[in-house]
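Structural features, examined
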Amino acid sequence: MSQTYGNNQSEIYSQGTTSGVNPTASTNLRQLEEQAKTALGIRSFKYTARGEYSNPHVVAPVWCAIHFSFHEDKETRLAEACGNIGVPYILGTTSSSSIADVAKANGNRKRWFHLDWPRDDKSTLSLLTREKDNGFVDGPLLLKVIQHVDYAKLAVEAGGDGIVVSKHGVRDKLTALFDSGIRTGAGLIKALCLGAKAVFIGEPVIYGLDMDGKKGADIVIRGLLADVWQNMGLSGIRSVAECYCDKIRKVVYPGEMGHAIM
């Protein structure tokens, strides 16, 4: 992480104590889900719930989510927020904003394209051409939704540069990214220690976007980065490069299966 995020916490505390102003989106990502459920309404909530970078997490697309249905700021302003903070943004195939508009909003920052493979080659080529022309994935090819070691091996054999997994991490032969329900800085650090090179964050950012547009998404992203920074400091981890498995241990509690803790 190229910068500290303690100032983000100080600003929140200062505004709360001196002005009584709370963030529009909760900085506790576990509480954010309940807050979003109230703000979105149950129908919208259920719909949502489905190289080298300076920060260890990536803002991921939410499955089949058209961002305009949550807030008028949609994908463009979210991409802008990610660009301002320095977090990579992933644009989904299904989007309410054009590839060109998202690229313009994101500026010269890092961005990826999530391809849901169309049924015909013509459509696939059109998407890939447009995303490449707009500065998206002229780089590594990652295969997503890999959930078994046999499929990870096939990805290596097929020439994939990396995989995106939901529950497993691999460190030896290819890059692995984690995509499954991270809600705290401690959880993100554990994923890195278990082998992930980065962690995808999707639903919490959409909750923030829905509640207050670009500003809400910005609060969620910065809040998680602040939590990562604080937990790294408390754990004696000086940089993301030091996040290895020797930093965590498994503790078995009576009546429980066991948990990895820092």
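Please read all numbers here as calculations on a predicted model, not as lab measurements.

**Some remarks on the packing of aromatic side chains**
Applying the stated criterion across every chain, the model contains 2 aromatic pairs. Measuring from centroid to centroid gives 6.0 Å for tryptophan 112 and phenylalanine 200, while their planes differ by 70°, and the two rings are edge-to-face. Of this pair, tryptophan 112 sits in strand β3 (residues 111-114) while phenylalanine 200 sits in strand β7 (residues 198-201); the two residues are 88 residues apart in sequence, bridging distant segments of the chain. Given the relative accessible area of 15%, tryptophan 112 is considered buried. With a centroid separation of 6.1 Å and 80° between ring planes, the pair formed by phenylalanine 113 and phenylalanine 136 is classed as edge-to-face. Linking phenylalanine 113 in strand β3 with phenylalanine 136 in the loop between α6 (121-133) and β4 (142-146), this pair joins segments that are 23 residues apart in sequence. For the pair phenylalanine 113 and phenylalanine 136, a shared accessibility class is recorded, and that class is buried. In this structure, arginine 111 packs its charged tip against the face of phenylalanine 136, placed 5.4 Å from the ring centre.

**Quick word on the confidence of the model for the protein**
Within the protein, residue pLDDT values average 80, and 82% of them lie at 70 or more. When the elements of the protein are averaged for pLDDT, helix α3 (residues 42-48) gives the smallest value, 51, and helix α5 (residues 99-106) the largest, 94. Long-range and interchain partners of residues 167-171, a stretch whose pLDDT sits below 50, account for 14 contacts in this model, where long-range means more than four residues apart.

**Quick look at the nonpolar core**
Grouped together as the largest cluster of nonpolar side chains are 46 residues, with contacts concentrated most on Val59, Leu78, Tyr89, Val199, Val205 and Ile221. Those elements that place two or more of their residues in this core are α2 (29-40), α4 (74-85), β2 (89-92), α5, α8 (185-193), β7 and α9 (203-234). With 13 residues, the single largest contributor to this core is α9. Apart from the residues lying within four places of it in its own chain, the contact partners of valine 59 are Leu78, Cys82, Val87, Pro88, Tyr89, Ile90, Ile201, Val205 and Ile221. One finds Val58, Val164, Ala198 and Phe200 within the second-largest nonpolar core, a separate group that totals 8 residues.

Cut-offs used in this document
Residues numbered from 1 in each chain as written. Predicted model: local features only at pLDDT ≥ 70, side-chain atom pairs only at ≥ 80, totals over all residues. Heavy atoms only, no water. Phe/Tyr/Trp six-rings, centres within 6.5 Å; stacked < 30°, edge-to-face > 60°. Helix = DSSP H or I, 4+ residues; strand = E, 2+ residues; numbered from the N terminus. Buried < 20%, exposed > 50% of the residue type's maximum accessible area, 1.4 Å probe, protein only. Lys NZ or Arg CZ within 6 Å of the ring centre and 35° of its normal. pLDDT = per-residue confidence, 0-100. Contact = heavy atoms within 4.5 Å. Core = buried A, V, L, I, M, F, W, Y, C linked by side-chain atoms within 4.5 Å.

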